[in-house]
Amino acid sequence: MGKVMTERTLAIVKPDGVQKGLVGEVVRRFEAAGLRVIALKMIRLDAERAGGFYHVHRERPFFSSLVTFMTSGPIVPMVLEGEGAIAAVRRIMGATDPAKADPGTIRKDFASSIERNIVHGSDAPATASFEVGYFFSALEMQPR
Ligand code: UDP
Ligand code: MG
């Protein structure tokens, strides 16, 4: 079993989550799990920036629909810090497809489809590093 490390990860309340009034609920679940919010803001992506964020999926059939969805309204990206933060956020979010997500996860409780699934969370240390830097500079993070 690997050593548990203090990590930083990027989470996003997606446009559907903001529209449904779930910003506070999502942050509450992360904080209740002991994760610390060290940066947070509300922005709206354009297609170029949404596509850049999801560049690993650019050849997937769902890519253009995903970009349309992610530019459809404001989003709330945040940086979370804590022991094993990357896996913790993934566990709290649940599976990509809400039909396959475990009970008590954000996606099981609130997502309407595999695309409109309320939250994003980085899936590994390398992607977390890229994704945190995509939205936040060092000066915008308040570790404690
Ligand atoms: N997505 C989709 N259809 C799919 C798979 C993914 O619309 O068949 C969307 C969905 O919003 C998902 C995002 O693309 O959250 C990124 O996909 P990924 O496989 O990385 O899932 P995640 O890491 O968000 O669970
Ligand atoms: Mg992913």
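Overview of the structure. (Residues numbered from 1 in each chain as written. Chains lettered and ligands numbered in written order. Predicted model: local features only at pLDDT ≥ 70, side-chain atom pairs only at ≥ 80, totals over all residues. Heavy atoms only, no water.)

1. Comments concerning the sheet that holds strand S1 (residues 6-13)
Judged by pairing direction, the sheet is antiparallel, and its four strands sit side by side in the order S2-S3-S1-S4 without closing on themselves. Looking at strand neighbours, the two that pair on one side only are strand S2 (36-40) and strand S4 (119-121), the edges of this open sheet. Pairs of neighbouring strands in the sheet enclose a mean axial angle of 25°, with direction left out of account. Alignment of S1 against strand S3 (residues 76-83), held across eight bridges, turns out to be antiparallel. By the bridge assignment for S3, Thr9 is matched with Leu80. Its contacts with the sheet put helix H5 (residues 85-93) on S1, S3 and S4, and the angle it makes with S1 is roughly 35°. (Pairing = 2+ DSSP bridges. Helix = DSSP H or I, 4+ residues; strand = E, 2+ residues; numbered from the N terminus. Axes fitted to C-alpha atoms, helices over the stretch in contact; angles between N-to-C directions. Contact = heavy atoms within 4.5 Å.)

2. Section: the site of ligand 1
Neighbouring ligand 1 are the residues Lys14, Tyr54, His57, Phe62, Leu66, Arg90, Thr96, Arg107, Ile114, Glu115 and Asn117. Lys14 places a polar side-chain atom, nitrogen or oxygen, 2.9 Å from an oxygen atom of ligand 1. Against a free-state accessible area of 500 Å², the protein chains account for coverage of 83% of ligand 1. Tallied by class, the residues present in the shell around ligand 1 amount to four nonpolar, three polar and four charged. (Near = heavy atom within 4 Å. Polar contact = N/O pair within 3.5 Å; in protein donor to acceptor, adjacent residues only side chain to side chain. Areas by Shrake-Rupley, 256 points an atom, 1.4 Å probe, with all protein chains shown as cover. Nonpolar A, V, L, I, M, F, W, Y, C, P; charged D, E, K, R; others polar.)

3. Examining the packing of aromatic side chains
This structure, assessed with the given rule, holds five aromatic pairs. A centroid spacing of 4.9 Å and a plane angle of 75° characterise the contact between Phe53 and Tyr54, whose relative ring orientation is edge-to-face. The burial state of Phe53 is the same as that of Tyr54; both residues are buried. Between Phe130 and Tyr134, the ring centres sit 5.5 Å apart and the planes meet at 50°, which makes this aromatic pair tilted. Highlighted residues: Phe130 and Tyr134, both in helix H7 (residues 125-135), separated by four residues, approximately one helical turn. Note on Phe130: relative accessible area 34%, which makes it partly exposed. Each residue in the set Phe53, Tyr54, Phe130, Tyr134 and Phe135 is aromatic and connected to the rest through ring pairs, giving one cluster. (Phe/Tyr/Trp six-rings, centres within 6.5 Å; stacked < 30°, edge-to-face > 60°. Buried < 20%, exposed > 50% of the residue type's maximum accessible area, 1.4 Å probe, protein only.)

Shape is all these values report; function is a separate question.
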